[in-house]
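One letter stands for each residue in the lines below.
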Amino acid sequence: MSRFLLLLFLIIGPLNLSAQRLTEYNEKGNEALSRNDLADAKMWFEEGVSFCDSYSIDKLTTIWIENEQFRIPMRSLMTKCLNCLNIKATENDTASIARLILYYEHGIGTPESPELANYWEEQLSKLSKPEEQLPALEKRLPSPKEKPTPLNLIIGYNFTPSAPYGITFGLLGKRWGGYLRLKSNMTFGKTTVDCNESGILNYTEGAYYKFDRERISRFGITGGLIVKILPWLSASVGVGYGERELQWHATAYSYSNNSLTTELWCENVTGSYKGIETDADAIVKVSKNFYFSVGCNSINLEFADLNAGIGLIF
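**Q** Whenever I open this one, helix H7 (residues 114-127) confuses me. Can you help?
**A** Side chains three or four residues apart in an α-helix point the same way, a direct result of the helix having 3.6 residues per turn. Over its 14 residues, H7 extends 20 Å from the first C-alpha to the last, a length consistent with the 20 Å expected when each residue adds 1.5 Å. Within H7, burial applies to Ala117, Trp120 and Leu124. For H7, the angular spread of the buried residues around the axis is 75°, confining them to a single face. In H7, the exposed positions that point more than 90 degrees away from the buried face belong to Glu115 and Lys126. Contact partners of the buried residues in H7: helix H5 (75-90) and helix H6 (94-106).

Take a look at the structure:
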């Protein structure tokens, strides 16, 4: 804060020297300011910038600070002021160096450059140790704020051997993010009874049956956290619900004439898993907008499968 106040003092201080003799263009500029004609004032003070007049530069800087709507049309003019300050700073003019620090810190006439601001601050500390402050002007110019890191949208295709159709949505910031994943094998058959390797459980029909084919119904939904480890490497862990249901088809035949009597699907309870699904992946960013991932997933820590994915980061 003390540096901020010092810089403002060094900018505004020279304006308060009542004994200073003003040139005609500076007098005209002050008259325009008194009637709040900023465009006319800017025109007169711009004439002073052609001579690197410190008073004109200070006035233009004040206009830029206090009138945000004038900043865009004043951009090239403030660049000229910056050039003058650079020339004066190389001649060890401490007031110009202080102004120059302000210009680089807040992007006046140039993109923000903390490195150049720090450099000139070091030069200023070597040349002088001013202690004056100007508390009344503390809020004339807000301190530069760190620009928020935008969130990156992640959209990808996810594959596992048991669920080849998967999609992942996510958001990733500077360090942390989150995701939601859906997966399935697009088989949603229903079963009417339970069975195992020994046969249909609690079977009471008056016919014999044979198991002749099988299918697997797979579904899962998980969500969790993403943490960025390196600019190109992130890791994700998630939890949700999943099921892998092994279904067997049975055809029943009459004992009397071996004719087909019924068909049914049963759930093989020893080969089916339902419950908490977890997954973990490593995400590798191979270009600005493309990534691939590898990992694994499990249901109740009993059934395990591999993950692989590709996608886009926006």
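We are not done yet, so read on.
**Q** Which parts of the structure should I look at to understand unusual backbone geometry?
**A** A positive phi angle, near 55°, is found at asparagine 300, a position not held by glycine. Its place among the elements puts asparagine 300 in the loop between strand S10 (290-299) and strand S11 (303-313). The class for asparagine 300 is partly exposed, based on a relative accessible area of 33%. In the Ramachandran plot, leucine 301 falls in the positive-phi region, its phi being about 60° despite a non-glycine side chain. The residue leucine 301 is located in the loop between S10 and S11 in this model. For leucine 301, a relative accessible area of 73% corresponds to the exposed category.

**Q** Hey, could you run me through the packing of helix H4 (residues 54-66) against H6 in this one?
**A** Helix packing for two helices is described by the angle between their axes and how far apart those axes are. Between H4 and H6, the least distance of the axes is 12 Å, while the angle of their chain directions is 30°. It follows from the interaxial angle that H4 and H6 lie roughly parallel. Of the two elements, H4 crosses H6, and the hand of that crossing is left-handed. When H4 is examined against H6, the residues Ile57, Asp58, Thr61, Trp64 and Ile65 are found in contact with a partner set consisting of Arg99, Leu102, Tyr103 and His106.

**Q** I would appreciate a short explanation of the pattern of salt bridges in the present structure.
**A** Close approach of charged atoms allows side chains of opposite charge to pair. Within this structure, the stated rule accounts for twelve salt bridges. The partner of arginine 218 in a salt bridge is glutamate 277, and the shortest N-O contact between them spans 3.0 Å. Separated by 59 residues along the polypeptide, arginine 218 in strand S6 (residues 207-230) and glutamate 277 in strand S9 (residues 273-285) bring together distant segments of the chain. Side by side, arginine 218 and glutamate 277 carry an identical accessibility label, which is buried.

**Q** Help me out: how do you make sense of the state of the cysteines in this one?
**A** Disulfides are covalent bonds that link the sulfur atoms of two cysteine residues. Within this structure, the stated rule accounts for two disulfides. Here cysteine 52 is linked by a disulfide to cysteine 84, with a sulfur-sulfur distance of 2.1 Å. Looking along the S-S bond of the cysteine 52-cysteine 84 disulfide, the torsion reads about -75°, which is the left-handed sense. Placement of the pair is cysteine 52 in the loop between helix H3 (38-49) and H4 and cysteine 84 in helix H5, with a sequence separation of 32 residues. Each member of the pair, cysteine 52 as well as cysteine 84, is classed as buried. Each disulfide pairs two cysteine sulfurs, and for cysteine 195 the partner residue is cysteine 266, the sulfurs being separated by 2.2 Å.

**Q** Quick question: what am I supposed to make of the environment of serine 162 here?
**A** By secondary structure assignment, the location of serine 162 is in the loop between strand S1 (152-159) and strand S2 (165-172). Those residues within four positions of serine 162 in sequence are excluded, and the remaining contacts are Asn185, Arg218, Phe303 and Asp305. At 3.1 Å, the side chain of serine 162 and the side chain of arginine 218 are in polar contact. At 2.5 Å, the side chain of serine 162 forms a polar contact with the side chain of aspartate 305.

**Q** Looking at this structure, how should I read the packing of aromatic side chains?
**A** Working definition: an aromatic ring pair is given by the centre-to-centre distance plus the angle between the planes. A complete count under the given rule lists eight aromatic pairs for this structure. Summarising the aromatic geometry, the rings of tyrosine 209 and phenylalanine 211 are spaced 5.5 Å apart at their centres and angled 65° between planes, so their arrangement reads as edge-to-face. Of the residues examined, phenylalanine 211 reaches a relative accessible area of 32% and is grouped as partly exposed. Lying across the ring of tryptophan 176, arginine 175 places its NZ or CZ 5.9 Å from the centre. In this arrangement the basic side chain of arginine 215 is found over the ring face of tryptophan 265, its NZ or CZ atom lying 3.7 Å from the centre.

Conventions and cut-offs
- Residues numbered from 1 in each chain as written.
- Predicted model: local features only at pLDDT ≥ 70, side-chain atom pairs only at ≥ 80, totals over all residues.
- Heavy atoms only, no water.
- Helix = DSSP H or I, 4+ residues; strand = E, 2+ residues; numbered from the N terminus.
- Expected span 1.5 Å × (residues − 1).
- Buried < 20%, exposed > 50% of the residue type's maximum accessible area, 1.4 Å probe, protein only.
- Arc of directions from axis to C-beta.
- Contact = heavy atoms within 4.5 Å.
- Axes fitted to C-alpha atoms, helices over the stretch in contact; angles between N-to-C directions.
- Parallel < 35°, antiparallel > 145°, perpendicular 65-115°, else oblique.
- Left-handed = near helix turned anticlockwise from the far one by under 90°.
- Salt bridge = Lys/Arg side-chain N within 4 Å of Asp/Glu carboxyl O.
- Disulfide = S-S within 2.5 Å.
- Polar contact = N/O pair within 3.5 Å; in protein donor to acceptor, adjacent residues only side chain to side chain.
- Phe/Tyr/Trp six-rings, centres within 6.5 Å; stacked < 30°, edge-to-face > 60°.
- Lys NZ or Arg CZ within 6 Å of the ring centre and 35° of its normal.

Bear in mind that shape data such as this cannot, by itself, settle questions of function.
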